[in-house]
Amino acid sequence: RVSPIALAAAYSRLSVSTSTTAAQELLAGMRQAASSGTAARIGSHRGGVLAKTGTAPCRGRACFANGDGLVLAMLPADQPRLVLLIRQRGTTGATAAALAGRMLDRLERLEGVGW
């Protein structure tokens, strides 16, 4: 069990730790997941996306049968400046990735965010 802020911070540190082969492989896997893996529903965004999905067991009273879908996205892929972490109750990580994609679309379209 890791707090959301600790999880986001760990992935942020990973994104700047490109000096090791292991870090490079993990980041390449996150790029692939965002384009053709379980996080592909996040869509394409300027600068590319690094993403990781997962489905965790739900804990507490408000649980659903499917558990909780998680997605972590970092943009732009080469030098991330934004980390987005979503936990969506009662669904999968792939479905949470679709929600993240809609949120990123809105930021880009309505807020004029440029990564």
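Please refer to the structure placed before this passage.
Since we're looking at a predicted model, the values are computed, not measured.

**Q** Teacher, can you tell me more about the layout of surface pockets here?
**A** To locate leftover empty space, one rolls a probe as large as a water molecule over the atoms. Size it by volume and the largest pocket reaches roughly 360 Å³. Considering the residues around the largest pocket, the lining is formed by Arg-1, Val-2, Ser-3, Pro-4, Leu-7, Ala-56, Pro-57, Arg-59, Leu-70, Leu-85, Ile-86 and Arg-87. When residues of the lining of the largest pocket are traced back to their parent elements, those giving at least two are helix H1 (4-15) and strand E3 (82-89). The element contributing the most residues to the lining of the largest pocket is E3, with three residues. In terms of residue class, the lining of the largest pocket is built from eight nonpolar, one polar and three charged.

**Q** What should I look at first to understand the nonpolar core in this one?
**A** Side chains of a nonpolar character, in soluble globular proteins, are inclined to be buried together. In terms of nonpolar packing, the biggest core is built from 15 residues, with Ile-42, Val-49, Val-71 and Ala-100 touching the most fellow members. Elements supplying a minimum of two residues to this core: helix H2 (21-36), strand E2 (68-75), E3 and helix H3 (93-110). The contact partners of Ala-100, leaving out residues within four places of it in the chain, are Ile-42, Val-71, Leu-84 and Ile-86. Counting residues in hydrophobic clusters, the runner-up holds nine residues, among them Tyr-11, Ala-23, Leu-27 and Leu-50.

Criteria and cut-off values
- Residues numbered from 1 in each chain as written.
- Predicted model: local features only at pLDDT ≥ 70, side-chain atom pairs only at ≥ 80, totals over all residues.
- Heavy atoms only, no water.
- 1 Å grid on protein atoms, 1.4 Å probe; cavity = no way out; pocket = protein on both sides within 12 Å on 5 of 7 lines; lining within 4 Å.
- Points joined across faces, edges and corners; volume = space filled by probe spheres on them.
- Helix = DSSP H or I, 4+ residues; strand = E, 2+ residues; numbered from the N terminus.
- Nonpolar A, V, L, I, M, F, W, Y, C, P; charged D, E, K, R; others polar.
- Core = buried A, V, L, I, M, F, W, Y, C linked by side-chain atoms within 4.5 Å.
- Buried < 20%, exposed > 50% of the residue type's maximum accessible area, 1.4 Å probe, protein only.
- Contact = heavy atoms within 4.5 Å.

Worth remembering: the numbers are spatial, not functional.
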